[in-house]
Amino acid sequence: MAGEWMEAEVLPPQTESAAGTEQDSTATAMAVLDAIRTGSDPQKVMMSLLGQAADQPGADMLLKMVGEGGEDSNEALREELREEIKEEQAEAVGALEAAAERLLAENRALMRRLEGLAAAIGACPACFGDDLLCETCEGAGTPGSRLPQAAEFHTYVRPAVDRVGAALRRAPARRPWPRHAPANLAAVETAARAGARP
């Protein structure tokens, strides 16, 4: 409306050179992103783009800085990645070593227990008589093939035998036989007394 004061931000008109610079920077960014996405070396793309802009002031110095520091920074980055990978591998190897030690300890304990059980029942500790190619018994070491060892027998077998005996003593009484004799029982008894077959 006429006579009213309005605040407005006045932007200078965009010149042709500014629009061109903006388009160039967009194209540069897109070229670098394409290089990263395709697996190319983005540094080479940057170097070629800087080479194209060699007519601009300061481009020579920028090219020299990128060219000198590029290889050193890449090598430093590679070395840093190598160190990280070595640390991760060392951690993984340490975890595997700990797991292997734990499994070996468990295996040794189980082997001792298995040998004790085999001695308790008089069986081959390697195969319990199940393997005809066993180097220890050639399949003849079934339970009871040897005299059980007393200490192991009392450790492993005796508690089970005692438990079974106690369970049998507590077993419910059987039903008594029927009181009524079958009808033909009298004939069988008479024939048995006479010495004849029914």
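Predicted, not measured: the structure shown is a model, and the values here were computed from it.

Concerning the overall build of the protein chain
Right, on to step 1. Summing up its helical and strand segments, the protein chain has five helices and zero strands in all.
Right, on to step 2. Starting at the N terminus and walking to the C terminus, you meet the elements of the protein chain as α-α-α-α-α.
Right, on to step 3. Per-residue burial for the protein chain yields a buried fraction of 12% across its 198 residues.
Right, on to step 4. For the protein chain, contacts bridging at least 24 residues in sequence account for 25% of all contacts bridging at least 6.

A few points about the environment of Thr 136
Right, on to step 1. In this structure, Thr 136 sits in the loop between helix H3 (59-121) and helix H4 (150-169).
Right, on to step 2. Among the residues examined, Thr 136 registers a relative accessible area of 57% and is labelled exposed.
Right, on to step 3. Separated by 10 residues in the primary sequence, Thr 136 and Ala 126 have C-alpha atoms spaced 6.9 Å apart.
Right, on to step 4. The residues touching Thr 136, leaving out its near neighbours within four places in the chain, are Cys 124 and Ala 126.

Section: the confidence of the model for the protein chain
Right, on to step 1. For the protein chain, per-residue confidence averages 75 on the pLDDT scale, and 56% of positions sit at 70 or higher.
Right, on to step 2. For the protein chain, the element scoring lowest by mean pLDDT is helix H1 (residues 16-38), at 63; H4 scores highest, at 90.
Right, on to step 3. The model gives residues 14-18 a pLDDT under 50, and that stretch makes two contacts with residues more than four places away or in other chains.

Cut-off values and rules
Residues numbered from 1 in each chain as written. Predicted model: local features only at pLDDT ≥ 70, side-chain atom pairs only at ≥ 80, totals over all residues. Heavy atoms only, no water. Helix = DSSP H or I, 4+ residues; strand = E, 2+ residues; numbered from the N terminus. Buried < 20%, exposed > 50% of the residue type's maximum accessible area, 1.4 Å probe, protein only. Contact = heavy atoms within 4.5 Å. pLDDT = per-residue confidence, 0-100.

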